[in-house]
Every structure is written in C-alpha cells, then in structure tokens.
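These are the residues of each chain, in order.
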Amino acid sequence: MKTGLARIEEAYTSNFQEYLRGKDEQALRAAYELGREAVREQLSVLELAAIHHTVLASVLEDCGRPVDPQQVTRAASEFFLESLSAFEMVQRGFWEATQTARLEREHVTELRELAQASVGLNSTLSVGGILQVLVDQSRALMGAKKAVAQVTGQLPDAPPAMAVSGSDGPASDGPSSSGAESPGPEAGDVLAAPLIGRGDRIVGTIQLFGKEHGAFSDRDQSILRQLAQTASVAVQNAQLYERERRIAETLQRSLLPAVLPAIPGVELAIRFHPGPGVEVGGDFYDAFAIEAGAFGLVVGDVCGKGVEAAAVTSLARYTIRAVAMRQEDPSEVLKRLNETMLRSSVERFCTVLYGILRVADGGARFALARGGHIPPAVLRASGEVERVESAGALVGVFPDPQFEDRVVDLRQGDALVMCTDGATERSSIGGEQGWESLIGTCAGLTAEAIAERLDEALVGEDGRPFQDDVAMMILRVRPT
Amino acid sequence: MPFQILDTEEPRRLRLVGDLDFQNSTVARDVLLQRCEVGEDLYLDLSGLNFIDSSGVRVFITAFLKLKPRGARLVLSSPNATIRRLFDLLGLTANGIVLQEASSQTGSG
C-alpha cells in the first residue's frame, strides 16, 4: 500500500498534466481536493511545495512535447495556489479557534473577578466599607488610575458616604484619601455608572478616571455597570441594617432607666451587655425611689427577643413601678405583675427579682421576692457568699403562684449581686457555683470595682461576643 | 447534640434527647401539643436532655397549660442537675408540673 505522500504525489502529477492539457475547471477542483487530502494526511505546506516543484521540473524537462515554459509556469502556479487554499482555510480556522479560546479565557477571568468583587461587596455591612471595596475592586479590574464612589443620604438617618481609590498623579498606586480633588487627568477618559436604589432612584455613582493602558472599552463599561448593580443592593441592605440597629438601640435604651437614683450610704453599679444581632433582648433592670430612704430595685428577663419581648419588658417595668408605689411587700408587687401579664394577651412570661432597699444607720435592709429569677448573692464584708433562696414562680404563666418574701440585712461593707442567666450560663463562668466563687473574690471592693471584675470574667480572655444578654446590678453598703 | 423526640413502648411516654433551644422549640412544641389533645397524663423522659433555654422552658409550660384544663398532668422525669435546678428556680414543680425521680419511673427503650 502506498503512503499518503506517494499517493498524493502521483495524483498531483496526473491532475497537473490534465490541467496543462485542458486548463478546465474540473482539473482545478481536483487541485483543491488534493490540497484537502494533503491536509487530511497531515502533510505540511513544504511537502506539498516539494511535490509541486518535482512535478513542475519533470514537466519542463519532458522532451517528448514542445512546451512554452512561461505558459507552463503560470498554469503551474494557478494549480498550486488552488491546492494550497485548503491549508489557508485550516490556518484561518486555527486562528479563529485561538481567538475564541482567548475570549473565553478572558470571559472566565472576568466572571471570576466579578464574583470575587461581589463576595467582597456583600460581606461588608457598612455603606462606607462597601464603597471602598467597590472603588478598589473596579479600579483593579479595569486598570484605572483613580476611582471615586459616593452615596447620597437616601434614608432619613443614613448619612452620605464616599470612597476613593488611587490618585490623579502619574505615579499613582494604592488608595489615597484625596477625595475632594478634581477628578480625572483627561476629561474624555472617564467611565461612570449609577448606583440604583429602591424604586429605581439613583442613590449614588461610581466613576473611574484614566485607564492605565489604552482607553476604556465597552467591556469595561459593562463590568462597571455590573459591579455598580451589586454594590447598589449591598448599600441598600447596609442602610436597612444600620437603621434597624439604631431602632433596636433606641428601643433598648427606652427600656432601661436613663438615670439611677442616688441612694445615701449605698453604692450602686450596673452592667448591661446586649446579645448578638440587631434585635432587642429581653433582659432589663430598673432602680427608682419609692419614698424617702426606700428604693425599688428590679432585675428581670423576658422570654424571647425582638419587638414583642420589648413590649412585655415595657409592661413589666412600668407595672412594677406603678404597683411598687402602693404596695408594701415585694411578693404583692409580683402577684400584681403576674395578674397584669395574664390579663394581657401576650404569650410571654418573664422572670423578675424585685426588692425594696431601705437604708438605715450603719446598714440597709433589702426585702425581696423572686419571680422565678436567679436568686441574688450576698457578699459579706468578710468575703463569705450567701445565696438568698426563696420560693417563687416565673411571672405570667400560673394563675395563682406563691411568691415568698425574704429579708436580707446588709451591714457596712456588705454587697448584693443580682444578675440574669446570661451571666451564670456563660461558659467562662461555670454555672451558679462558679459565679458565686467569683463573687467571693470581690470582698473589699466597691460596687463599681465588683462590677468591673465580674465583667472581665464574663468577657473572658478571648473576648468572645455575648450569645445572650447579660444584666447585672450590684449594690454595696459603704463602709465608714 | 441534635434534638430529638423519640417514641417509647408506652404510648403516653416520650423521650427527649439533645439540646432543646430556640432552633427546635417550635417543632418540639407542635409535636408535644398534639399529644396534649387527650385528657391523659403525658410522661416525658428527660434523661437524655442535655440543655434547654428559655424557649425550651416555654415548650413545657405550653404543654402543661394545655393538659391542665383537660384534667391531665405533665410528668417530667430524670432531668439532669442543671435542668432540674432551672425547673426549681422557675417554680415549675411547685405550681403543678410533676417531676419524677429517676428511681420511681419505669425504664424506657
């Protein structure tokens, strides 16, 4: 069996001679087909050229017939060119494939970079942070000298924000804060896209100035538009989150006393840590004057979080205040609170510790009742810790719960610690026992210093955020 | 540990296992409330219960409040020391929810 090369050489010879004789279209088509076959057989252009030259030489040397060399050469070149056209098509095909592959690679890179930028934009919760990511990423992606983004204040309490990356100077690199300068080295070399808010309103812009190499392309424009779109959504979310956080903060503040009463001869210290997230927690405390020398002190915990819990907190706090002004015994106050909560339609309950502190010469007397709450701990001046246990159920569940009144006499230097379960359940504390041992190390400290030490233990060495709210109230009878 | 409510051989006794908290308390509540339609005591074996938070406490209270007008009791058995202490602090046992000691109950599955 002949090799491809030999077969093609043979066919080339016969077809070429055919063409010389008649110069018809059919012979020329045969040349084209030969070229295709040469490509199929993976012959190189040089090999085909070699065949051509061999055939041409043999035709010119053919002494049998008279030939006109010029005419033969012209015809030969026509035939040869025709056989080469298949090679040309292959080359063009290869070039197109390369081009497509390059574009595809660029497209994939672009998508990846866009995806990375999106992650950056969406994992930031402040408007300023989002704008900074936007300018840094778009400047890097498009190779711009400078990028500026700004958001005008759209929501009532959302302030305007701005971020800049790069600078106008020729030796520019890295972000700069020269935001107020006039933009762009060349007026025409600017690319911009709007930031769109809800209701298709334009809430801001992103602008790129001066492409490092060449000019901004349509592709740059579409990338910038996509980035701006992603950033717009992120900005809206950040503004809503910020607003919700502020509402929660305001609500939480409204549930806690703005000012603590001054109790003669007694130090009072408070610590309050809201839990994670933007929701209002259920822990609360209160301290108020009932009459001369008598003060109501409250620490409580409403089941759950959010607006409904806040409503119950508010109900509990003001009910206690109102009833406290008329009733003598803390247990009576809790009974009335229980009735009020059962009558209200809320499906919530709470635990409350309520007590009346009466100051007297050389000390104070604390009369208290416990509504399912963690009992308070007394820290004697000697360092001894006493847990004040008493019967009492959580408030807002049972129709006729019994609350037991207890009285604790505090002498000079004695302290009392009340808290919510966020404190005793914190893993760094070690339950009620751990909490009481910790309190035992605070003898001799002022109420404020006790609060500080307990707080340090709560926050712990690793400074983990609080999983639950924590409220603490510490009072100490001042030693003389 | 994932929270689970398991059936036992006794139809009115369920076994609670794992951590009962805000993540699963709604489901737990729905399952238990179904069993509270009947006016018969409901027994919950808590020996496998590791932890409960305030929303978990709410599940027991809701079940108790539903059984009570039907003349039935909610009987909890063998909670661990922390949960037992929590029930005592909240005054649940003093106000109608029955707590059984580990020794006085029949073993379950």
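Everything discussed here concerns the structure shown above.
What this report covers is the structure whose coordinates are included nearby.

The rules behind the values
Within each chain, residue numbers correspond to sequence positions counted from 1 in written order. Chain labels run from A onward and ligand labels from 1 onward, assigned in the order the entries are written. The predicted nature of this model means local features are confined to residues of pLDDT at least 70 and side-chain atom pairs, given and counted, to a pLDDT of 80 or more, with totals for whole chains, interfaces and linings taken over all residues. Calculation of side-chain values draws on the structure's entire complement of heavy atoms; hydrogens and water are dropped beforehand. Throughout, a contact is declared for two residues whenever any of their heavy atoms are within 4.5 Å. Note on definitions: buried area is the accessible-area loss of two parts on being combined, 1.4 Å probe, summed for both. Here, a salt bridge means any Lys or Arg side-chain nitrogen found within 4 Å of an Asp or Glu carboxyl oxygen. Between N or O atoms, a polar contact is any pair within 3.5 Å; within protein, one atom must be a potential hydrogen donor and the other a potential acceptor, and residues adjacent in sequence are included only when both atoms are from side chains. When residues are grouped by polarity, Ala, Val, Leu, Ile, Met, Phe, Trp, Tyr, Cys and Pro land in nonpolar, Asp, Glu, Lys and Arg in charged, and all others, Gly among them, in polar. Per the convention used, a helix needs a DSSP run of H or I reaching at least four residues, while a strand needs a run of E reaching at least two, with both numbered from the N terminus. Burial classes: relative accessible area under 20% of the type maximum marks a residue as buried, over 50% as exposed, and values in between as partly exposed (1.4 Å probe, protein chains only). With axes taken as lines fitted to C-alpha atoms, and helix axes fitted only over the stretch in contact, angles between N-to-C directions fall between 0 and 180 degrees. When an angle is under 35 degrees it counts as roughly parallel; over 145 it counts as roughly antiparallel; between 65 and 115 it counts as roughly perpendicular; any other value is oblique. Working rule for handedness: look at the near helix, and if it is turned counterclockwise from the far one by less than a right angle, call the crossing left-handed; if clockwise, right-handed. Disulfide: a pair of cysteine sulfur atoms within 2.5 Å of each other. We call a set of buried Ala, Val, Leu, Ile, Met, Phe, Trp, Tyr and Cys residues a nonpolar core when their side-chain atoms join them within 4.5 Å. Strands are labelled as partners when DSSP assigns at least two bridges between them.

Here's the deal with the interface of chain A and chain B
Each side of the interface is counted separately: chain A has 23 residues, and chain B has 15 residues. Across the interface of chain A and chain B, roughly 1,400 Å² is buried in total on both sides, 57% from carbon and sulfur atoms. The interface formed by chain A and chain B contains two salt bridges. A:E432 is the partner of B:R85 in a salt bridge, and the nearest nitrogen-oxygen pair spans 2.6 Å. Applying the counting criterion to the chain A and chain B interface returns four residue pairs in polar contact (both at pLDDT 80 or more). For the side of chain A that touches chain B, the class distribution of residues is ten nonpolar, six polar and seven charged.

Some thoughts on the pattern of salt bridges
One pass over the structure, following the stated rule, counts 34 salt bridges over all chains. In this structure, A:R92 engages A:E88 in a salt bridge whose closest nitrogen and oxygen atoms are separated by 2.8 Å. A residue pair is termed a helical-turn pair when its members lie 3 or 4 positions apart in one helix, as A:R92 and A:E88 do in helix 4 (residues 69–122) at four residues. Since its relative accessible area comes to 46%, A:R92 is described here as partly exposed. Using a relative accessible area of 43% as the deciding quantity, one classes A:E88 as partly exposed. Look at the salt bridges and you will find they share partners, linking A:R387, A:E389, A:E432, A:E436 and B:R85 into a network.

Some remarks on the packing of helix 10 (residues 431–440) of chain A against helix 11 (residues 447–459) of chain A
To describe two helices that pack against each other, one gives the angle between their axes and the distance between the axes. Residues and elements named next belong to chain A. Closest axis-to-axis distance for the helix 10/helix 11 pair is 10 Å, and the angle between their directions is 140 degrees. By the angle between their axes, helix 10 is oblique relative to helix 11. Our pair here, helix 10 against helix 11, has a crossing hand that is right-handed. For the pair helix 10 and helix 11, the contacting residues are W435, L438 and I439 in the first and L454, A457 and L458 in the second. Tallied by class, residues from the contact of helix 10 with helix 11 come to six nonpolar, no polar and no charged.

A short note on the state of the cysteines
Each disulfide is one covalent bond, formed between the sulfur atoms of two cysteines. A complete count under the given rule lists zero disulfides over all chains for this structure. With no disulfide of its own, A:C350 lies 9.8 Å from the sulfur of A:C303, the closest cysteine sulfur.

Observations concerning the nonpolar core
The nonpolar side chains of a soluble globular protein tend to be buried with one another. Within the largest apolar cluster, 49 residues are counted, with the highest numbers of intra-cluster contacts made by A:V352, A:Y354, A:L357, A:M418, A:M473 and A:L475. In this structure A:M473 touches A:L268, A:A269, A:I270, A:Y285, A:D286, A:A287, A:L297, A:V298, A:V299, A:L416, A:V417 and A:M418, once residues within four positions along its chain are discounted. Among the nonpolar cores identified, the runner-up in size contains 35 residues, and A:V397, B:L76, B:I83 and B:I97 belong to it.

What about the sheet that holds strand 11 (residues 385–387) of chain A?
Residues and elements named next belong to chain A. An order of 5-14-13-10-11 is seen for the five strands of this open sheet, with the pairing classed as antiparallel. Of all strands in the sheet, those with a lone pairing partner are strand 5 (266–273) and strand 11, marking the two edges. Geometrically, the sheet is characterised by an average inter-axis angle of 15 degrees between neighbouring strands, direction not taken into account. Note that strand 5 and strand 14 (residues 470–477) share eight bridges and pair antiparallel. Directly across from A269, in strand 14, lies its bridge partner I474.

Section: the side chain of A:Q252
Residues and elements named next belong to chain A. Along the chain, Q252 turns up in helix 6 (residues 218–255). The exposure class of Q252 is buried, given its relative accessible area of 9%. Apart from the residues lying within four places of it in its own chain, the contact partners of Q252 are F272, P274, V280, G281 and D283.

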